[in-house]
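Structural overview
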Amino acid sequence: MSTRHTERRKRAALRWTVIGLTLVFFLIPLYGMLEFTTRDLINGGRTGKFWTTLVDVPQVTERYPALAEGFASSMALALFTVVVMLLLLVPTMTWVRLRLPGLTRTVEFICLLPLTVPAIVLVVGLTPVYAWVTYLLGEGTVWLGLAYVILVLPYAYRSLDAGLRAIDVKTLSEAARSLGASWLRVMWQIVLPNLRTAVLSASFLSVALVLGEFTIANLFSRKNLQVAMFELGKSDGQLSVAVGLASLVFAFVVLFAMSFVGRKEKS
Amino acid sequence: MRPSGALVGVAPFFVYTTVFLLIPTIVVVVGAFADGSGRPTLDNVAALGGANSSFLPALQHSVVLSLVTALAGAVIGAVLAYAVSTARPDGLLKRFITSLCGVLAQFGGVALAFAFMATFSIQGFLTVWLNSLGLDTGSSIWLYQWDKGLMLVYLYFQIPLMLIVFLPAVEGIKPQWREATETLGGTTWTYWTKVAGPILLPSFIGATLLLFTNAFSAYATAAALISQASPIVPLQIAGTFTSEVILGQENVGKAMALAMVVVVALVMWVYAALDKRASRWLVR
Amino acid sequence: MTATPSPAASRGTEVRLTDLTRVYAGNVRALDGFTLHIAPGEFVALLGPSGCGKTTALRLLAGLEDADGGTIEVGGRDVTNVPTSKRDMGMVFQAYSLFPHMTARQNVEFGLQLRKQDKATRHGRAADMLDLVGLSKQADRYAHQMSGGQQQRVALARALAIEPQVLLLDEPLSALDAKVRSQLRDEIRRIQLEVGTTTLFVTHDQEEALAVADRVGVMNAGRLEQLASPAQLYKNPATPFVADFVGLTNRLHCRVAGGVAQVLGGAVPLLAGSAGDGLAIVLVRPEGVTIAPVGSGGSGGAGGAAATVVSASFLGASGKIVARLESSEGVGDLVSVQVDNTDVTAYAPGQRVLLAPRGDAALAVSAT
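Computed from a predicted model, the values in this text were never measured in an experiment. The written sequence of each chain sets the order in which its residues are numbered from 1. Whichever chain is written first becomes A and whichever ligand is written first becomes 1, with later ones labelled in order. The predicted origin of the model limits local features to residues at a pLDDT of at least 70 and limits the giving and counting of side-chain atom pairs to 80 or more, whereas totals for whole chains, interfaces and linings rest on all residues. Side-chain metrics rest on all non-hydrogen atoms present in the structure, leaving aside hydrogens and water.

Turning our attention to the packing of helix α4 (residues 65-99) of chain A against helix α12 (residues 225-235) of chain A. All names here are of chain A. Between N-to-C directions, angles span 0 to 180 degrees; the directions come from axes that are lines fitted to C-alpha atoms, helices contributing only their stretch in contact. For the purposes of this entry, the term helix denotes a DSSP run of H or I that reaches at least four residues, the term strand denotes a run of E that reaches at least two, and both are numbered from the N terminus. At a minimum axis distance of 7 Å, the contact between α4 and α12 shows a crossing angle of 160°. Overall, the two elements α4 and α12 adopt an arrangement that is roughly antiparallel. Here α4 runs over α12; the crossing is left-handed. Counted together, A66, L67, G70, F71 and S74 of α4 and L225, A228 and L232 of α12 form the full contact between these two elements. Split into classes, the residues belonging to the contact of α4 with α12 amount to six nonpolar, two polar and no charged. Reported orientations rely on four angle classes, namely roughly parallel under 35 degrees, roughly antiparallel over 145, roughly perpendicular from 65 to 115, and oblique for the rest. It is the rotation of the near helix from the far one that decides the hand of a crossing: anticlockwise by less than a right angle makes it left-handed, clockwise makes it right-handed. Whether two residues touch is decided by their heavy atoms; if any such pair falls within 4.5 Å, the residues are in contact. Under the scheme applied here, ten amino acids are nonpolar (Ala, Val, Leu, Ile, Met, Phe, Trp, Tyr, Cys and Pro), four are charged (Asp, Glu, Lys and Arg), and all others, including Gly, are polar.

Given below as structure tokens:
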């Protein structure tokens, strides 16, 4: 009818153009992966054999032991990293809020520091530390998780910090203490249940980061999913691309599902 | 409990971060100025600037690559963030795009390089398709060059990262500001130049600098895409892990790592300075 | 002062909203044939529950939304299709409308800057305006350094600085706490009288509307139910909706005969527009009921309905007794009675009392 309507229509048109163009840019290479993994190079035409291979666990284990090993390592790493991260951060952050508010800035600074230290630099500096880790704990790939905790620190810190901000830890724990609860019980029965969403999102983010980690594992010659995929790329291009696409889709599904979990709790 | 007793509660955190964050940093800084047997030396740093060293060109490539993809990614990502912010807040479109961007920005790595090879390499579907249309795309060498293919791939995670970092700032813009501007006699142009623009500028610059350090630090995508040479710093550092160590230059990798830290620290310093200026009116 | 506000009469602009309609997606009629005439310099409040269309009416007048039908005239000029930026409206929003990157002074100067006024004029005008709202000392503060009440004062100064044709207040007090709210409410009225700008004030708080406005329009479902002075509105509600929304009311079963309702053992004269003879419900205000302890012989002698006190509360300037009727006269059978604050202590829960109508005119609606 008048200016406002046309302006709104113009804005909507701009929105769809921008979103459409970027989506095309984002989706073309992903489509490229799909197209590449369904090519039948021997007979021509299309084939789903790489995808059927991928879901056939015994066959993958037998023919691509490195891939199976990498996958298993990444799963173990994800679990290990999340557990260590939570054990390290949740009590510390809660404790700082309750008893040592003066240390808030220091802890925040340390947790955000890894954003400014490139992973590749961390690898260089971690070499002697890992010499000790190997000496004390052995060669296991899972010990990479100790370094991964540092990598996920900034993201986990932000999620947990947002969660702690939303609840009044101090009043809650004072109430529990006045009713005779021990510090351990306060942590376990009062703080953790109220932080459920934050703990969940910190864990999901950590899992996604760990599953996508390549730098540290590759340079320390440990085999996780990304390294196995990278190595496989040198011998079996199509299957490795299929693994890559599958991992991207998996990560997308996790994040997409997470966007619903977080919102529901808030309202 | 006395305060000193309370400190025991945070001890594990500080011990852990000391071992896995502080010590590695010290190792890099000290190692950059030490020779193979631990004696202080400037040889490592000098080696970086040597006449036949490939480090300085790599550093230049890294800076240019990061700068270009940060600026382009920031501008495109900001426009995308604005477009997404005008969509319905809880709509599927918004969730879809933010999730997709989350994956591409933080998870990509090796898989992104694969995606681009599957699309743009000589047998990639886009190349094949364009050829079938009679368009000659030439060789696909460009895909493996730092200033062409690598730049394009980097945009593929820079734009999504910008969206994720910048979207909250765009969504913090209150509709009342536009309406107040209008009632006071301002046009759309005045709104963007005098109100929304200045309000968003600090976040925009901050996000751009973050994108710079992100590209500057990235290793996985480049490692998977470029196998022949080491045109950027992270690849050079990785090279010191695998190549044979020249006597007396055991710690050149640490010197390179230190150079990276210095660049990133410089960027962060600029960021902090800008942030301080803006924080006069920013609410935290 | 460099920019003395001109006398009220010459400042005010007449506003005519005629037959405005606004339909939202899903065929929700936010405004449905809304007509309102505001005299020059008048302060009109639009009052109603959320979703009644009051904010939509204000936004249409501001030009922030387009009407789907009807016309808007300001000062005799049809502005229905004029964009907001050319309408000369000073608007104060509910909250968060100050530009966060500008100081209070810069916010106030912003509209003047857009009008290309020179620096000296702007400074002078901004200083006057901040003085008017009592914030001269806070001129260099940013929004986040001020309290909610101070922010709203600056927003008011910013809106008035451009000497708008009409001042629009969109629930400007609703985000503030009670004390600041009543303070700022009185101040808005003082300033409006001083500058004489025609003002439209939207609120859901009836006390606020009655306290500041020359006339109050009660809205329901996109239409104006009644437009009258606060006293008229309170004493002579035109519809049950108005009677209910403005002030507290007791709903009591009654029998109407010849323009009089028989209720609580007494007679209540009825207002125009009441239900005809037969059974009906009469809306009686708490101050329209008298109360006396059983056996005291007070409360107009013999009459009265027996009830039991449920609660007695001291409310500062007055007191309130809530009693349960023993007969089934009351709808929901609790009746509120307003009493002097000194009388509250005379009643205790469980005590038997007699209630009777004081005889003020009231509105009756048919019982169905």
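At the junction of the two partners, chain B supplies 78 residues and chain A supplies 84 residues. Summing the contributions of chain B and of chain A, the shared interface buries around 6,900 Å²; its carbon and sulfur component is 80%. When a carboxyl oxygen of Asp or Glu is within 4 Å of a side-chain nitrogen of Lys or Arg, the pair counts as a salt bridge. Between chain B and chain A we count zero salt bridges in total. Its residues placed into classes, the side of chain B that touches chain A shows 59 nonpolar, 13 polar and six charged. Simply put, the buried area is the total loss of 1.4 Å probe accessible area from both parts when two parts are fitted together.

Residue and element names in this part refer to chain A. The buried label applies to any residue whose accessible area, calculated with a 1.4 Å probe on protein chains only, is under 20% of its type's maximum; exposed applies above 50%, and partly exposed to all values in between. Burial in helix α8 (residues 169-178) covers these residues: V169, S173 and A176. For α8, the buried positions fall inside an angular range of 60° around the axis, keeping them on one side. In the core, the buried residues of α8 are packed alongside α4, α7 (144-166) and α9 (183-194). Once α8 finishes, G180 follows within two positions and takes phi at roughly 100°, a positive value. Read the arc as the range of directions from the helix axis to the C-beta atoms.

Residue and element names in this part refer to chain A. For the domains described, the bounds stem from an automatic or database domain assignment. Taken as a whole, chain A is organised into domain 1 (3-52) and domain 2 (62-266). Domain 1 and domain 2 are separated by 31 Å when their C-alpha centres are compared. Tallying the contact residues gives nine residues for domain 1 and ten residues for domain 2. Summed over both partners, the interface of domain 1 with domain 2 comes to about 860 Å²; 82% of that surface belongs to carbon and sulfur atoms. Where domain 1 packs against domain 2, one counts zero salt bridges. By the criterion applied in these results, polar contacts are pairs of N or O atoms within 3.5 Å in which, for protein atoms, one can donate a hydrogen and the other can accept it, and in which residues neighboring in sequence qualify only through two side-chain atoms. For the pair domain 1 and domain 2, the number of links is two residue pairs in polar contact (both at pLDDT 80 or more). Of all the secondary structure elements, the ones that give two or more residues to the side of domain 1 that touches domain 2 are α1 (3-37) and α2 (49-55).

Looking at chain C, the pLDDT average stands at 87 and 93% of residues meet or exceed 70. One number per residue, pLDDT, summarises how confident the predictor is, and it ranges from 0 to 100. Scored below 50 in pLDDT, residues 1-9 of chain C makes ten contacts in the model with residues more than four places away or belonging to other chains.

Summed over all chains, the structure comprises 25 salt bridges over all chains. Residues R39 of chain A and E35 of chain A are paired through a salt bridge, measuring 3.0 Å at the closest nitrogen-oxygen approach. Neither R39 of chain A nor E35 of chain A differs from the other in exposure class; each is buried. In this structure, the salt-bridge partner of R185 of chain C is E207 of chain C, at a minimum N-O distance of 3.5 Å. One end of the pair, R185 of chain C, is in helix α6 (residues 178-195); the other, E207 of chain C, is in helix α7 (residues 206-212), and 22 residues separate them in sequence. Connected through shared salt-bridge partners, E179 of chain B together with R22, R59, E65 and D68 of chain C make up one network.

A pair of aromatic rings is counted whenever rings of Phe, Tyr or Trp (Trp by its six-membered ring) have centres within 6.5 Å, and the orientation is called stacked for planes under 30 degrees apart, edge-to-face for over 60 and tilted otherwise. Taken as a whole, this structure holds 26 aromatic pairs over all chains when the rule is applied. An angle of 15° between the planes, with centres 5.7 Å apart, marks the rings of F212 of chain B and F216 of chain B as stacked. One end of the pair, F212 of chain B, and the other, F216 of chain B, are both in helix α10 (residues 188-217), four residues apart, so they sit about a helical turn from each other. Judged by relative accessible area, which is 7%, F212 of chain B ranks as buried. A ring pair is formed by F99 of chain C and F110 of chain C, whose centres lie 5.0 Å apart and whose planes are at 65°; its orientation type is edge-to-face. Remark: F110 of chain C occurs in helix α3 (residues 104-114) and F99 of chain C occurs in the loop between β6 (89-92) and α3; sequence separation between them is eleven residues. Classification of F99 of chain C as buried rests on a relative accessible area of 0%. Its relative accessible area of 1% is what places F110 of chain C among the buried residues. If you follow R95 of chain B out to its NZ or CZ, it ends over the ring of F260 of chain A, 4.1 Å from the centre. Over the aromatic face of Y96 of chain C sits the side chain of K174 of chain B, whose NZ or CZ is 5.2 Å from the ring centroid. We call a charge positioned above a ring when the Lys NZ or Arg CZ atom is no farther than 6 Å from the ring centre and deviates by at most 35 degrees from the ring normal.

Quick look at the packing of α7 of chain A against helix α10 (residues 196-211) of chain A now. All names here are of chain A. In the contact formed by α7 and α10, the axes pass within 8 Å of each other and the chain directions differ by 155°. One element, α7, and the other, α10, form an angle in the roughly antiparallel class. For the pair α7 and α10, the crossing hand works out as right-handed. Within the contact between the two elements, α7 uses Y148, V152, Y155, A156, S159, L160 and G163 and α10 uses A198, V199, S201, A202, L205, S206, L209 and V210. Of the residues assigned to the contact of α7 with α10, the class counts are eleven nonpolar, four polar and no charged.

Residue and element names in this part refer to chain C. A strand pair is defined by DSSP finding two or more bridges across the two strands. Taken in spatial order, the four strands make up an open sheet running β2-β1-β4-β5, and their pairing is antiparallel. Each of the sheet's edge strands pairs with one partner strand only, and the pair in question is β2 (28-38) and β5 (77-78). Along the sheet, helix α2 (residues 54-62) makes contact with β1 (15-24), β2 and β4 (69-74), crossing β1 at roughly 115°.

Those places that UniProt annotates as "domain: ABC transporter" (unreviewed entry) correspond, in this numbering, to residues 15-246 of chain C. The span residues 15-246 of chain C is 37% helix and 26% strand, and its two end C-alpha atoms sit 25 Å from each other. UniProt positions are given in the numbering used here, feature names are shortened, and annotations may be inferred rather than shown by experiment.

Quick look at the environment of V339 of chain C now. Residues and elements named next belong to chain C. Looking at the secondary structure, you find V339 in strand β18 (residues 334-340). For V339, a relative accessible area of 9% corresponds to the buried category. V339 has contacts with I291, S318, G319, K320, I321 and V344, leaving out every residue within four places of it along the chain.

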